[in-house]
Amino acid sequence: MSHLSICRFPDPVLKRPTTPINGIDAPIRHLADAMIRLMRAHTRCVGLAAPQVGSSLRLAVMDASVHAKSGKNHGLLVLINPVIHTTEGGSVAREGCLSIPDFTANVSRAQRVLLRAADISGNPFELWMEGFEAIVAQHEVDHLDGRLFLDRVANLKTDVFRRKAYD
Amino acid sequence: MSAMAKSSSKRWLVAAIGQDRPGIVAGVAEVLYQLGCNLEDSAMTRLEGEFTIMLIVSAPSSLSDERLQQAFAPLESRLRLAIHLKALSAYETRSPAKSLRPHIISVYGADRPGIVFRVTQLLAQARVNITDVQTHRAGGGKSGPSLYMLLLEVELPKPASTVKLEQSLKRLAGELDVEVSLRPTEANVL
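What you see is a predicted model, and the numbers here were worked out from it, not measured in a lab.

The next thing to look at is the state of the cysteines. All names here are of chain A. For the coordinates displayed, the defined rule picks out zero disulfides over all chains. Unpaired in terms of disulfides, Cys7 finds its nearest cysteine sulfur in Cys97, a separation of 11 Å. The buried category is assigned to Cys7, whose relative accessible area is 13%.

For the rest of this paragraph, the subject is the confidence of the model for chain B. Detailed reading of the predicted coordinates is not advisable wherever pLDDT is low. All names here are of chain B. Residues of chain B with pLDDT of at least 70 account for 88%, and the chain-wide mean is 88. pLDDT under 50 marks residues 1-7. Its contacts with residues more than four places away, or in other chains, come to six contacts. Across the interfaces of the predicted complex, the ipTM metric reaches 0.76, alongside a pTM of 0.81.

This next bit is on the pairing of strand E7 (residues 146-155) of chain B. All names here are of chain B. Along E7, ten of the ten residues are buried, which leaves the element largely enclosed by surrounding structure. Burial of the side chains of E7 extends over both faces: Ser146, Tyr148, Leu150, Leu152 and Val154 are buried on one face and Leu147, Met149, Leu151, Glu153 and Glu155 on the other. As defined by bridge partners, strand E5 (residues 102-110) adjoins E7 across nine bridges and the pair is classed as antiparallel. Bridge assignment links Ile104 to a residue of E7, and that residue is Glu153.

The next thing to look at is the packing of helix H2 (residues 24-34) of chain B against helix H3 (residues 65-78) of chain B. Residue and element names in this part refer to chain B. Across the interface, H2 lies against H3 with an axial gap of 10 Å and an inter-helix angle of 150 degrees. For the element pair H2 / H3, the angle class is roughly antiparallel. The handedness of the crossing between H2 and H3 is right-handed. Contacts between H2 and H3 involve Gly27, Val28, Val31 and Leu32 from the first element and Leu68, Ala71, Phe72 and Leu75 from the second. When grouped by side-chain class, the residues that make up the contact of H2 with H3 number seven nonpolar, one polar and no charged.

Cut-offs used in this document
Residues numbered from 1 in each chain as written. Chains lettered and ligands numbered in written order. Predicted model: local features only at pLDDT ≥ 70, side-chain atom pairs only at ≥ 80, totals over all residues. Heavy atoms only, no water. Disulfide = S-S within 2.5 Å. Buried < 20%, exposed > 50% of the residue type's maximum accessible area, 1.4 Å probe, protein only. pLDDT = per-residue confidence, 0-100. Contact = heavy atoms within 4.5 Å. Helix = DSSP H or I, 4+ residues; strand = E, 2+ residues; numbered from the N terminus. Pairing = 2+ DSSP bridges. Axes fitted to C-alpha atoms, helices over the stretch in contact; angles between N-to-C directions. Parallel < 35°, antiparallel > 145°, perpendicular 65-115°, else oblique. Left-handed = near helix turned anticlockwise from the far one by under 90°. Nonpolar A, V, L, I, M, F, W, Y, C, P; charged D, E, K, R; others polar.

In structure tokens:
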């Protein structure tokens with residue numbers, strides 16, 4: 001697992017829902033470490049999900065603090081079996097993904113989420129996240145459900161100035 | 001615009017296409033400004049090396065087709081622009097009806113011929129009107145197959161079932177080996 005590389009769409013692993021992890025063993029710890037290293041190796045990467053490195057385990061890593069506009073965040077997190085338990089509000093923001101290079105789109109997400117997961121020692125935790133960090137968490141959990149941000153495009157890029165609605 | 005202003009002006013669609021270079025927008029805008037025209041709406045973009053302009057302009061009612069045509073002649077030679085003028089009738093100049101349920105359809109997958117045709121053919125048969133289109137292609141070469149994305153803004157006719165439309169889009173997507181989604185448009189709230 002020392003030489004992970006990024007799987008790109010249309011690699012089918014990206015559209016496959018992942019399998020929950022039962023018991024954290026050495027290979028899973030190594031995978032998480034390697035994913036953190038790979039995330040760090042890409043300057044603007046704030047999260048990485050296992051399918052992006054070819055694994056169908058329900059595992060993701062994220063670190064919203066890396067981003068300049070991050071706002072309130074919990075720094076580096078390893079997420080074992082994460083689920084978005086509750087969502088509140090809505091926001092639209094531009095996203096990109098290492099698995100779909102050169103594409104960005106306006107994506108609609110919840111503004112605030114309650115995320116439940118276990119850490120790398122298997123201890124369950126829950127965190128309220130908001131703004132940028134909430135977007136990252138939703139993007140990564142989507143990966144674990146076999147969904148990509150292009151499945152959630154909210155509007156066309158020109159929509160910053162929506163053509164007038166007439167009556 | 002007031003009803004009075006509208007009744008005393010004519011409207012045109014002006015299309016201009018030319019090899020991209022500085023000064024195209026300024027050149028077209030200057031011609032229209034000198035003639036007393038007002039720019040009502042526009043879409044302008046560069047496709048590869050070609051710059052394209054579409055404008056809706058309102059003009060003083062005294063402006064004739066010939067005069068407008070002639071005013072663009074210097075630009076056609078100086079910037080090598082292809083200009084197309086379409087006078088809009090009173091009927092055509094009516095604003096479109098308030099959008100029936102606006103939706104976004106996104107289609108993406110490995111690029112192959114026929115994606116745009118098959119998807120839009122299905123939509124036309126379902127009487128779904130397309131109001132905006134964005135496409136993007138990237139990748140290819142060593143990094144794998146090139147990816148193609150088609151984003152359509154559409155208006156669904158009243159009786160159309162979103163569920164049914166989505167089902168037929170998914171079926172077609174399976175045939176074309178692409179991903180498709182249909183969602184109501186959401187505005188940017190920044």
